[in-house]
Structure formats: structure tokens, C-alpha cells
Amino acid sequence: MLAQLTASDRRLARLVLYIVAAAGLLIAVIARNDPMSVHGMIIALFAVVLFMILYSARHAPEPGADRLGEYYDDPSKVGIVLSLIWGVIGMAVGDWIAWLMAFPELSPDAAWASFGRLRPVHTSGVIFGFGGNALIATSFHVVQRSCRARLAGQFSPWFVLLGYNLFCVLAASGYIMGITQSKEYAEPEWYADIWLVVVWVTYLVLYLRTLARRQEPHIYVANWYFLAFILVVAVLHIVNNLAMPVTLAGAKSYSAFSGVQDAMTQWWYGHNAVAFFLTAGFLGMLYYYLPKRAGRPIYSYRMSIISFWGITFLYMWVGSHHLHYTALPHWVQTLGMTFSIMLIVPSWGSAANALLTLNGAWHKVRTDATLRFMMVAAVFYGLSTFEGSFMAIRPVNSLSHYTDWTIGHVHSGALGWVAFIIFGSFYCLVPWLWKRESMYSNKLVEVHFWLALAGIVIYLISLWNAGITQGLMWRTYNESGTLTYSFLDSMIAMIPYYVARGIGGFLYFLGACVALYNVIMTIRTAADNATTAGVAASPDLPVSRLETVAVARSTAP
Amino acid sequence: MIFNTHYKIEKRSLALVLGILVVSGIGGFVEIAPLFTIDDTVEEAPDMRVYTPLELAGRHIYMREGCYACHSQMIRTLRDDVDRYGPYSLAVESQYDHPMLWGSKRTGPDLARVGGKYSDVWHTRHLNDPRSVVPQSIMPAYRWLSRNTLRVDDLGGHLVAMRRVGVPYSDAMIEHATADAIAQASPPALAAEAAATDVADAGGLVERYGEATTVSVFDGNPGVVTEMDALVAYLQILGRLTDAATRLQDAAEPTAGLALELGGNEPGGSEQ
């Protein structure tokens with residue numbers, strides 16, 4: 001992994017690791033009366049482990065200059081493995097707490113293991129650990145191919161990837177120690193947030209510098225989306241996390257905003273984390289790997305343009321649909337609802353563009369589970385964006401809000417769209433990067449596909465039923481004009497659905513384990529092959545040969 | 001037109017960056033900025049009080065344990081919400097909530113007005129073992145709260161941080177934060193006695209935070225201020241920082257059920 005690092009890269013890496021380790025120790029000492037000191041130790045330990053890895057390769061020969069004529073994929077490779085590990089952990093925690101909702105006594109009498117602390121470990125683990133690592137790994141891969149340029153730098157990609165993972169570790173370990181600012185999907189405290197800003201700015205600079213090296217006049221669609229993802233997530237993250245720490249020697253901080261302004265800022269952030277983290281970045285993936293795997297150009301360049309600017313503009317208005325009928329002024333709720341409905345146009349534009357790209361390749365969808373993952377991802381993208389717009393309509397929201405329908409909706413997007421496009425992309429990418437003709441086992445890809453799809457169907461049907469039942473029970477009146485059901489009645493009615501959800505989630509989790517196994521076995525057999533025979537032919541040609549990538553490129557309108 | 005413009009933009013990465021920032025910036029700006037400037041976004045409530053140091057510590061525990069993941073604190077303007085939980089929530093009621101805890105899911109019931117509905121004893125038993133008071137409950141048990149001593153020495157710093165983000169804590173409140181927290185969780189008699197030694201001054205506490213401030217041994221264990229004391233103190237103040245909601249909505253009653261009108265949720269239509 002480190003073979004391409006030059007002496008000066010290594011020097012820079014050592015310097016940064018010294019600084020990180022020192023910062024960690026400093027935090028451990030000054031925050032000794034606060035759980036934040038554990039984070040100081042984790043930061044220092046993280047730096048020490050990386051230092052040891054670097055040290056173990058200290059005698060490696062200086063890489064040749066010919067490496068600069070090829071793509072730099074080592075960070076992507078590590079990112080893929082990290083992503084899958086986070087995915088398996090995040091899904092395991094998710095399924096465990098799903099069972100706790102039906103059988104609360106399963107939880108041990110320990111603060112760290114309680115539902116409320118594990119829930120953000122699940123959400124951050126899958127969104128940021130699994131999703132975020134997948135985005136970093138694939139964006140590095142895609143930007144190089146679509147620009148026909150090598151990444152601008154060898155140290156900064158590692159800094160972005162590993163620095164981001166340090167943030168994820170701080171987030172997850174913080175929750176189980178009780179460090180949280182309670183803002184959903186933005187729970188990490190101020191110092192972790194500042195660290196993420198440093199990492200993210202490096203990511204943006206790296207991305208722009210790589211774009212600047214491109215040998216193509218046009219920037220390919222996938223990069224528009226990756227760029228929007230990096231830029232807007234930075235803005236959202238910084239604004240929503242503005243806070244006043246109690247002391248620099250402690251984790252606790254107080255949000256700069258309060259009450260109604262905080263609610264609006266939080267859901268402006270929350271919904272656009274959906275838009276720009278869980279949609280824009282993954283559309284970038286879709287726009288590269290789907291046409292590439294199908295061997296078909298993108299159906300419509302113009303549809304891509306309309307969808308891109310539509311998503312970038314409209315999404316930022318819709319956060320207030322999380323606050324219907326609340327103390328948020330009515331006019332903001334109405335704007336949120338209106339723009340949510342308009343959002344169907346660019347969302348379905350993207351979904352249709354993806355599905356129409358498959359025209360002429362549908363026979364491949366039947367036999368190739370990898371392509372089928374991506375096809376189903378596009379279908380779920382279309383379904384969940386329609387569902388989202390529907391649930392944003394005020395009267396519909398009066399039924400669905402606060403119920404498990406919302407959880408079902410989120411998972412339709414997360415399991416059906418986001419995770420499926422990740423798995424599809426990884427099954428494309430892993431054989432390319434490790435120079436194999438295919439995955440270790442195509443049968444296991446097929447097994448994973450059906451496990452995951454069965455899991456989703458069980459999960460969604462149970463939570464749709466749960467949510468609608470719950471919503472209806474809450475609003476049912478008897479003839480004397482009083483409420484028919486107590487809250488407890490509605491809660492008891494949920495338990496069978498919670499059990500079914502636990503089963504669906506478990507199937508999905510099993511599928512992710514199969515994926516991790518399959519990827520590891522592909523890597524291991526690739527290593528064996530490389531030592532014995534020559535490497536298999538790869539469709540992924542080095543830049544020096546200047547072959548055009550077989551992906552649809554922007555053409556003049 | 002859009003296609004031609006885009007065709008030019010996609011050849012220049014910085015133009016693309018600028019385009020994304022401007023186009024994505026509009027929505028948030030139009031929706032968020034006016035909330036800080038339009039005066040009637042947050043109602044006037046002169047009687048609105050700030051959290052006592054003990055309640056603030058309890059609020060932190062509420063966040064730390066992730067209570068907000070299953071309990072909302074926002075009663076909507078729907079008839080069934082109002083009938084079940086009380087007058088719908090006003091913006092002013094979370095004016096001092098940094099951050100707000102409106103929530104997004106009701107696995108358990110809304111807690112915006114849970115204060116005063118149950119006794120301290122009930123809350124303590126319920127948090128220690130939910131199924132001992134509600135046999136069908138699926139809430140987790142939080143037994144460690146009674147075991148953990150509350151950290152009170154840094155509460156002054158918490159009040160300072162809150163003041164920096166705009167909550168009107170006075171110098172006296174900040175100065176006495178630790179003593180006030182101890183006083184609020186002490187038996188009223190003992191607190192008065194301790195006032196002489198200026199360790200825990202319940203009289204000062206009520207003076208600073210108002211007559212409605214509850215002084216109680218919330219967890220039933222007078223020897224030590226635990227995290228349970230703080231959390232129960234917080235739960236007991238929910239919905240009672242101001243009377244604005246009751247006052248405004250009682251006044252609106254003659255106009256035939258404001259909640260029903262706003263809700264647009266006809267009882268007849270939902271009975272199927």
C-alpha cells in the first residue's frame with residue numbers, strides 16, 4: 001500500500017502524525033476530568049498505529065517516476081475495505097437495537113450498551129462510516145478516470161481517507177461514552193467537527209487540483225455531483241455545528257442556535273445531508289459505474305443537466321417539511337412542502353436517465369447481479385424520492401410524522417438506493433483495482449443480491465404497516481369525541497412489526513457479511529495470482545497510454 | 001439557454017464551484033435568515049424562565065442517553081396531538097433550548113408537557129425499571145443514573161456558555177450555580193438549614209429562578225445529588241417554563257377550537 005510513497009511523502013506523513021499524536025496527548029492531559037480525555041488517547045493511539053505501519057516499510061525502495069504515468073488507487077483500495085467493515089459493524093448495531101425495541105430486557109445494565117447510545121453508532125456507522133468511505137474511495141477512482149489524470153498528490157488522499165476515519169472513530173466512540181450534541185446526524189462534538197473541517201477542506205483542494213490536471217476539456221457528470229457533495233456538505237456541516245464549548249478542556253458545547261431557529265437549521269442540515277451526502281455523491285457513483293458496467297453511454301446529457309441543477313437548487317428548500325404543524329412559521333412549512341413536490345422532477349429525471357441507459361443492456365441485468373444491484377438502486381431511488389415528496393405534503397405528513405413510516409422511508413433510500421449503488425459499484429471496482437477478471441465468486445454476488453432484496457422487502461413492508469397503523473391509531477376518535485386508543489395501545493401494536501423488521505434487517509446484514517467475505521477473498525486470490533502469473537487484463541487502463549475511457553462523455557448540446 | 005450556459009460552466013471547475021454555491025445557497029438563506037429577523041416568529045412571554053443548573057444538567061443527561069431519539073418535545077397543532085398531550089407547543093417555549101429537542105420520532109409519547117404529570121417517585125421507579133410501573137413498556141432501563149453522582153462543580157461554566165449564546169443568566173445565577181444545583185435536590189427543610197452555611201441555598205434558588213421552582217429530593221436519596229435527580233428535575237419542568245401556551249390557547253377557545261382549524265384533521269374522517 002505504501003510502495004508509491006516517496007521519501008518526502010513519508011517525511012510529511014511522519015510530521016503530521018507527530019502533530020496528531022501530540023494533539024491527542026495534549027487533549028488527554030488537559031481534559032483529564034472529562035470523557036474527552038479518552039478521545040485524546042484514541043487520537044494519539046491512532047497516530048501511533050499509523051506511524052508503526054509507516055515505520056515497518058521504512059526500508060522500501062524509492063518508487064520510480066513511471067508511477068506518475070498511472071492512476072493512484074491505493075487509497076481507494078483501503079477505502080473500499082474500510083467502508084465494508086464500517087458497513088458490517090453499523091448494520092450489526094442497527095439490527096441489534098432493532099431487536100431491543102421488541103425485547104428491551106436483552107440490553108445489559110450498562111450505560112454504553114443502551115439503545116439511546118447505540119442508535120447514533122448505527123446511524124453514523126452506516127451513513128458516515130460505510131457511505132462516506134465508499135464516497136471517498138469511488139470519488140478518487142472516478143475523478144482520475146473521467147479526467148484521465150492522476151490524483152494531485154500522494155499524501156493528501158491518505159490524509160483525507162484516514163483523517164475521515166479518525167472522525168468516524170471519534171464519533172462512534174463518543175456516543176457510547178455519552179459525548180453527543182444530540183443534533184441528528186450531526187452528533188459529534190465541537191473538536192471532532194473542527195477536525196472534519198480540516199479533512200474536508202483538504203478533500204476539496206485535492207479534488208479541484210485533480211480536476212485542474214484533466215486532459216478532457218469537459219468535466220464529466222459524475223464529477224459535478226461529487227463536487228456538489230463535497231462543497232455543500234462543507235457548508236451544511238459548518239453552519240449547523242456552530243456551538244460554544246463550555247471549556248476547551250471538555251467535550252460539552254451549546255449550540256449557537258436555539259428553539260425554532262435551531263430546528264430549521266438542523267433540518268436544513270438534516271435533509272441536505274440526505275440530498276448532498278446520500279444522494280449527490282451516490283449519483284456520481286451511478287453516473288460512472290452503471291454506464292461503464294452496462295457498456296452503454298448515458299441516455300441523455302440534457303436530462304443530466306436539468307437533474308443536476310434541479311437537485312442542487314430545490315433540495316435546499318425542503319428541510320422544513322420535517323417540521324409540519326410545529327411552532328415553525330407556516331410560510332416556511334409551505335415553502336418546504338412546495339419545493340418537496342417540485343423535487344420529483346429532477347429526482348425522477350436522474351432515475352429515468354439511469355434506467356433508460358440500460359436500454360439495449362437489459363439482457364445483462366438478467367444475468368449480471370452486479371448490474372442488477374445498480375438497476376435496483378435506480379428503481380429504489382425513484383421510489384423513495386416519490387415517497388419523500390408524498391410524505392412532505394402537509395396532510396400526509398400529519399399521519400406519517402413521528403411514526404415508523406419515516407424510518408421505513410429512510411431505509412428505503414438507505415438500503416435500497418445508497419447501499420445497493422455502493423455494492424454494485426464495489427463489485428465493479430474491486431476486480432478492476434486488484435486486476436482480476438471478476439469477483440472471487442459471482443455466485444456469492446447473486447446470493448448477496450437476493451438476501452439484500454428479501455431483507456429490504458420484509459423491512460419496508462413491516463415498517464410501512466407499522467407507521468400507518470400507528471398514525472391511524474393516534475388520530476382515531478370514538479363516538480363520544482374522545483381518543484379511542486392510549487399511546488400504549490399504539491405502542492403494543494408495533495411489536496410484531498418490530499420483530500419482522502429485525503428479521504429483514506438481519507437478512508440485509510448477512511448480505512453485507514457475504515460482500516465483505518467476497519471482497520476479501522478476491523483480494524487474497526489477486527495477491528496469489530500476482531505472485532505467480534501475470535496480472536489479468538484490466539479494462540482500467542493507465543493514463544500513460546491515453547486510451548479513452550469507455551464511458552459516455554459529455555458531448556456538445 | 002440553460003444547456004449553453006452549463007456547457008460553458010462544465011469546462012471550468014471554479015465556475016462550477018461558484019455555480020453550486022450560489023444555486024444551493026438561495027433556499028437556506030430565504031428560509032432561515034428571516035427567522036432571526038421577523039419579530040413574531042417567537043411569541044412574547046415575559047414569564048418565561050431559564051433552566052436551573054440542575055435542570056440544565058438533567059437536560060444534558062437526556063441528550064447523552066439519546067432520549068430524543070424516541071420522544072418528541074413538540075405538540076403539533078393537530079386536534080389529536082392537543083387532546084393527547086395538551087396545548088400545542090409555542091416557539092417561545094424552546095427559546096432557551098440550545099439545541100432544541102423537538103425530536104423526529106415517537107416510539108414513546110411526546111414529553112413537551114410531561115412536567116408535573118407524574119410524581120418524582122414514579123419517574124425514578126420508571127427510569128430504574130420501566131416495566132415495574134408500565135408492564136408493557138419497551139423503554140430501556142436507566143439504572144446507572146441512580147448510581148452516578150452528578151458532576152456539579154462545573155455548572156457555572158455551563159451557564160456562562162449558555163449566556164454566551166444568548167440565554168439571560170445573571171451573574172448571581174452563574175456564581176451560585178453549584179450551590180443552587182445541590183439545593184434544588186435537597187429536602188426543603190435541609191436546604192433551609194444549609195442556607196446558613198451557604199453550602200446550599202434554597203432560598204436564593206427560588207429567588208433567582210422563581211416561585212414555581214421545585215425543590216425536592218427527586219430520586220428519594222437525600223445523601224447525594226445523582227444524575228437521576230437532575231434528569232427527573234428536568235422532566236418535571238418540561239412545559240412549565242412559561243404559561244404562554246395555556247394563556248394564548250385559552251383565549252383563542254371562543255373561536256371554536258383553534259387546534260381543530262389549524263389541524264385540518266376532521267375527527268369524522270379519521271374514524272375508519
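Because the structure is a prediction, the values reported are computed rather than measured.

K.L.:
Got a sec to walk through the side chain of Ser307 of chain A? Specific residues and values, please.
P.N.:
Residues and elements named next belong to chain A. Among the structural elements, Ser307 can be located in helix 9 (residues 301-314). A polar atom in the side chain of Ser307 sits 2.9 Å from the backbone oxygen of Met303. Setting aside residues up to four positions removed in sequence, Ser307 forms contacts with Tyr225, Pro346, Gly349 and Ser350.

K.L.:
Tell me about the packing of aromatic side chains, residues and numbers included.
P.N.:
Residues and elements named next belong to chain A. In this structure the tally under the stated criterion is 45 aromatic pairs over all chains. Between Tyr164 and Trp200 the ring centres are 6.1 Å apart and the planes differ by 45°, which places this aromatic pair in the tilted class. Note that Tyr164 is positioned in helix 5 (residues 155-177) and Trp200 in helix 6 (residues 190-212), a separation of 36 residues in sequence. Residue class for Trp200 comes out buried when judged on its relative accessible area of 7%. Relative to Phe390, the ring of Phe386 lies with its centre 6.2 Å away and its plane at 5°, an arrangement referred to as stacked. Linking Phe386 with Phe390, this pair stays in helix 13 (residues 369-391), spanning 4 residues, or about one helical turn. In textbook terms, an aromatic cluster arises when at least three aromatic residues are bridged by ring pairs, as seen for Phe128, Phe140, Tyr164, Phe167, Trp200, Tyr203, Tyr207, Phe226, Phe229 and Phe277. When the ring centre of Tyr55 is taken as reference, the NZ or CZ atom of Arg58 above it lies at 4.1 Å. Over the ring of Tyr254 we find Lys252, and its NZ or CZ is 4.6 Å from the ring centre.

K.L.:
Please provide a residue-by-residue account of the interface of chain A and chain B, values included.
P.N.:
Taken residue by residue, the interface counts 102 residues in chain A and 91 residues in chain B. Surface buried jointly by chain A and chain B totals about 8600 Å² across both partners, of which 66% is contributed by carbon and sulfur atoms. Counting the contacts that link chain A with chain B gives 4 salt bridges. A salt bridge links Arg131 of chain B to Glu105 of chain A, with the nearest nitrogen and oxygen atoms 2.6 Å apart. Counting residues per element, the side of chain A that touches chain B draws most heavily on helix 8 (residues 259-294) of chain A, at 10 residues. Counted by class, the side of chain A that touches chain B contains 57 nonpolar, 30 polar and 15 charged residues.

K.L.:
Explain the pattern of salt bridges to me, and be specific about the residues and the numbers.
P.N.:
Applying the stated criterion to the full structure yields 24 salt bridges over all chains. In this structure, Arg293 of chain A and Asp368 of chain A form a salt bridge, with 2.8 Å as the shortest nitrogen-oxygen distance. Remark: Asp368 of chain A occurs in the loop between helix 12 (362-367) and helix 13 and Arg293 of chain A occurs in helix 8; sequence separation between them is 75 residues. Via salt bridges that share partners, Arg117 of chain A together with Arg64, Glu65 and Glu227 of chain B belong to a single interconnected network.

K.L.:
Before we move on, can you summarise the packing of helix 5 of chain A against helix 6 of chain A with the specific residues and values?
P.N.:
Residues and elements named next belong to chain A. At a minimum axis separation of 9 Å, helix 5 and helix 6 run at an interaxial angle of 155°. Comparing the axis directions of helix 5 and helix 6 gives the class roughly antiparallel. Crossing hand, helix 5 versus helix 6: left-handed. For the pair helix 5 and helix 6, the contacting residues are Ser156, Pro157, Phe159, Val160, Gly163, Tyr164, Leu166, Phe167 and Leu170 in the first and Ala192, Asp193, Trp195, Leu196, Val198, Val199, Trp200, Thr202, Tyr203 and Leu206 in the second. Split by residue class, the contact of helix 5 with helix 6 holds 15 nonpolar, 3 polar and 1 charged.

K.L.:
An account of the confidence of the model for chain A is needed here, citing residue identities and associated values.
P.N.:
Residue and element names in this part refer to chain A. When pLDDT is averaged across chain A, the result is 93; 95% of the residues are at 70 or more. Within chain A, helix 3 (residues 74-102) carries the highest mean pLDDT (98), whereas helix 17 (residues 487-532) carries the lowest (92). Counting interchain partners and residues more than four positions distant, the pLDDT-below-50 stretch residues 532-539 has 7 contacts. Low pLDDT (under 50) marks residues 541-557, which in the prediction has 42 contacts with non-local residues, meaning those over four places away or in another chain.

Criteria and cut-off values
Residues numbered from 1 in each chain as written. Chains lettered and ligands numbered in written order. Predicted model: local features only at pLDDT ≥ 70, side-chain atom pairs only at ≥ 80, totals over all residues. Heavy atoms only, no water. Helix = DSSP H or I, 4+ residues; strand = E, 2+ residues; numbered from the N terminus. Polar contact = N/O pair within 3.5 Å; in protein donor to acceptor, adjacent residues only side chain to side chain. Contact = heavy atoms within 4.5 Å. Phe/Tyr/Trp six-rings, centres within 6.5 Å; stacked < 30°, edge-to-face > 60°. Buried < 20%, exposed > 50% of the residue type's maximum accessible area, 1.4 Å probe, protein only. Lys NZ or Arg CZ within 6 Å of the ring centre and 35° of its normal. Buried area = accessible area lost by both parts, 1.4 Å probe. Salt bridge = Lys/Arg side-chain N within 4 Å of Asp/Glu carboxyl O. Nonpolar A, V, L, I, M, F, W, Y, C, P; charged D, E, K, R; others polar. Axes fitted to C-alpha atoms, helices over the stretch in contact; angles between N-to-C directions. Parallel < 35°, antiparallel > 145°, perpendicular 65-115°, else oblique. Left-handed = near helix turned anticlockwise from the far one by under 90°. pLDDT = per-residue confidence, 0-100.

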